[in-house]
Amino acid sequence: MKADTLPYPNAKVIMKLVLSRKGFDSSYGGIPSPILPDGTLIPLPIPSKHDDQTFSDIEDSYYVHIDELITDLSKGRYTSKTRVHIDPDLCRSQNATPKDWRPSLGQTGNAQSHLRDMNIGKGDVFLFFGWFRKVDLDNGRWSYVKESPDLHVIFGWIEVADVLSVVTKREACLQEHPWISVHPHVIRPMHYSDERNTLYIAESASRYNKNHRHGGGRFNQYSDELRLTKPGCSRSIWSLPSWFYPQTDQKPLSYHPRSDQWQMEGERVTLRSAAKGQEFVLDCNSYHKADEWVNAIVSRNASR
């Protein structure tokens, strides 16, 4: 896509791509997010005692009885009353959407330091991935499908329009975007007091999917195109398009500098993805197929 064909006068073809690990994992939540029998992806936000929202607050946007689902899968550890950290905030039910709301991501601490050091800003793109596994409903109870694989799956995206320093410039940020007052990284300033606390705001429209109402959202339906995990491997072993392979003059995906992490296999490259770290950044100035790849994922998988 050429820059002069973009619908925003100051926009740019994607310069940096962030593969962002979010939702339930082995440390936060302890169980995979479910893939329903019809292929629906249900990315579970992590439990959080310092947030006010609960699983019941997201039920309308998931189109499933969340209490039965989460109670069964967690064996009673979580229920619809469990408080959760809804971030990235990618989808809201119609009656819970503030005026001018857009998808957004909050980040702070060391993870935000990495994004800042990589100069993530307007025109860059986040692809959010998490830990998923197939589930089934048998005799009225949800359970994980036996021997179904644990997968890393991309479940949403944000095309960055603005980056807000919500601690150091709180009043100015709220004046410009009043709707951010409901975001978990803004609503509790006493908890998120680190000066690195930052919001990434989506564009008001997508440059990849003209039918989508925002430059960000969820991918509701599983497809192999969204699967990062290599078939037959543990979830952290990924199969990516061959252009991801870092040539001598290219910076590799951040946190993946070692040559033994990468292995070319025909039209694909196998990556042993880093076990730790939330934000993996690719500088796409030297990876010219990145924008085409993101365009294909969003245009084919984004819900309206």
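First things first, this report covers the structure right here in the doc. (Residues numbered from 1 in each chain as written. Predicted model: local features only at pLDDT ≥ 70, side-chain atom pairs only at ≥ 80, totals over all residues. Heavy atoms only, no water.)

### Structural notes on the overall build of the protein chain
Looking only at helices and strands, one finds six helices and 14 strands in the protein chain. Dimensions of the protein chain along its principal axes, counting C-alpha atoms only, are 55 × 50 × 35 Å. Look at the contacts in the protein chain between residues 6 or more apart in sequence, and 73% of them connect residues 24 or more apart. In the form shown here, the protein chain has an accessible surface area of approximately 14,800 Å², with 47% of it arising from carbon and sulfur atoms. Looking at charge distribution, the protein chain has the averaged site of its 38 positive side-chain charges lying 2 Å from that of its 37 negative ones. (Helix = DSSP H or I, 4+ residues; strand = E, 2+ residues; numbered from the N terminus. Contact = heavy atoms within 4.5 Å. Areas by Shrake-Rupley, 256 points an atom, 1.4 Å probe, with all protein chains shown as cover. Lys, Arg positive; Asp, Glu negative; His and termini not counted. Charge placed at Lys NZ, Arg CZ, Asp CG, Glu CD.)

### What to know about helix α3 (residues 109-117)
Those residues of α3 not exposed but buried are G109, A111, Q112, S113, H114 and L115. On its buried side, α3 packs onto β1 (16-21), β5 (104-107), β6 (125-138), β9 (198-202) and β14 (279-283). Of the residues trailing α3, N119 is marked for its positive phi of about 60 degrees. (Buried < 20%, exposed > 50% of the residue type's maximum accessible area, 1.4 Å probe, protein only.)

### Some words on the side chain of S148
As for its position among the elements, S148 is in the loop between β7 (141-144) and β8 (151-165). Residue S148 is classed as buried on the basis of its relative accessible area, which comes to 11%. One polar contact links S148 to R133, side chain to side chain, over a distance of 2.9 Å. Aside from chain neighbours lying at most four places away, what touches S148 is R133 and K134. (Polar contact = N/O pair within 3.5 Å; in protein donor to acceptor, adjacent residues only side chain to side chain.)

### A look at unusual backbone geometry
Cis geometry is found at the peptide bond from D87 to P88, where omega equals 5 degrees. In this fold, P88 is placed in the loop between β4 (84-85) and β5. In the Ramachandran plot, K75 falls in the positive-phi region, its phi being about 55 degrees despite a non-glycine side chain. Here K75 shows up in the loop between α2 (66-73) and β4. Not every positive phi belongs to a glycine, and N119 is a case in point at roughly 60 degrees. One can find N119 in the loop between α3 and β6.

### Description of the pattern of salt bridges
If you walk through the whole model with that rule in mind, you get nine salt bridges. One salt bridge in this structure joins E279 and K22, with 2.8 Å as the shortest N-O distance. With E279 in strand β14 and K22 in the loop between β1 and β2 (33-35), this residue pair connects regions lying 257 residues apart in the sequence. On the basis of relative accessibility, which here comes to 1%, the residue E279 falls in the buried class. The exposure class of K22 is buried, given its relative accessible area of 9%. (Salt bridge = Lys/Arg side-chain N within 4 Å of Asp/Glu carboxyl O.)

### Quick word on the side chain of T270
Along the polypeptide, T270 turns up in strand β13 (residues 268-272). Take T270: its relative accessible area is 9%, and that puts it in the buried class. A polar side-chain atom of T270 sits 3.2 Å from a polar atom in the side chain of E265. Filtering out sequence-adjacent residues up to four positions away, T270 remains in contact with K230, I237, W238, Q261, W262, Q263 and E265.

### Examining the environment of I46
Take I46: it is sitting in strand β3 (residues 46-47). When the C-alpha atoms of I46 and K146 are compared, they prove to be 24 Å apart, with 100 residues separating the residues in sequence. For I46, the contacting residues outside a window of four places in its chain are G23, F24, Y28, R83, V84 and H85.

### Quick look at the packing of aromatic side chains
Scanning the model with the defined rule gives 15 aromatic pairs in all. Ring geometry for F132 versus F155: centroids 6.1 Å apart, planes at 55 degrees, classification tilted. With F132 in strand β6 and F155 in strand β8, this pair connects stretches of sequence that are 23 residues apart. Neither residue differs from the other here; F132 and F155 are each classed as buried. Here W243 and F244 contribute two aromatic rings whose centre-to-centre distance is 4.2 Å and whose plane-to-plane angle is 20 degrees, an arrangement assigned as stacked. Of the two residues, W243 and F244, neither departs from the other in class, the shared state being buried. Lying across the ring of W131, R235 places its NZ or CZ 3.9 Å from the centre. (Phe/Tyr/Trp six-rings, centres within 6.5 Å; stacked < 30°, edge-to-face > 60°. Lys NZ or Arg CZ within 6 Å of the ring centre and 35° of its normal.)

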